[in-house]
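Structural description and commentary
Here's the letter readout for the chains.
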Amino acid sequence: MSTTDEDVFLFQTKEVTVQIPYQKINVLEYGQRVSRRYAEALLISPMFLLTKTRKHYLTIGFTDSQGKQQAMIFEVGKGDIRSLLVSLEAKTGRRLEYQDDDARHSGKGS
């Protein structure tokens, strides 16, 4: 994912490149999913049951070239989420929506 271009949000994999003009983005939503670390507990140590892992998700809603509403959901790394959210808010002029209070706390870096 890249927000370095002034006009478009870029998502690129080996097979696919998606460019979404910032002016077409109409929804920015951030949320988290918290889960216990069961696999690590089974494979490494039962102590992992006492820890939780957070996955960070960004939903981008936009209108496509035919004017139809579309959405993409991305899992974003913990170290990248805050700067990505700030950049998208600034470039789209849209206010970020949070799925819950935990997401709001984590997304703002408080």
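1. So, the pattern of salt bridges
Counted according to the given criterion, the structure contains one salt bridge. Ionic pairing is found between Lys91 and Glu6, a salt bridge with its closest N-O pair at 3.9 Å. With a gap of 85 residues between them, Lys91 in helix α2 (residues 81-92) and Glu6 in the segment before β1 (8-12) connect regions that are remote in the sequence.

2. Some remarks on the packing of aromatic side chains
Two measures describe an aromatic ring pair: the distance that separates the ring centres and the angle between the ring planes. Per the counting criterion, the structure on display carries three aromatic pairs. Between Phe9 and Phe74, the ring centres sit 5.7 Å apart and the planes meet at 70 degrees, which makes this aromatic pair edge-to-face. With Phe9 in strand β1 and Phe74 in strand β5 (residues 69-76), this pair connects stretches of sequence that are 65 residues apart. Ring centres of Tyr30 and Tyr98 lie 6.3 Å apart, and the angle between their planes is 90 degrees; this geometry places the pair in the edge-to-face category. Here the residue Tyr30 occupies a position in strand β3 (residues 25-36), and Tyr98 occupies one in strand β6 (residues 97-98), the gap between them amounting to 68 residues.

The rules we used
- Residues numbered from 1 in each chain as written.
- Predicted model: local features only at pLDDT ≥ 70, side-chain atom pairs only at ≥ 80, totals over all residues.
- Heavy atoms only, no water.
- Salt bridge = Lys/Arg side-chain N within 4 Å of Asp/Glu carboxyl O.
- Helix = DSSP H or I, 4+ residues; strand = E, 2+ residues; numbered from the N terminus.
- Phe/Tyr/Trp six-rings, centres within 6.5 Å; stacked < 30°, edge-to-face > 60°.

Remember, this is a structural readout, not a statement about activity or role.
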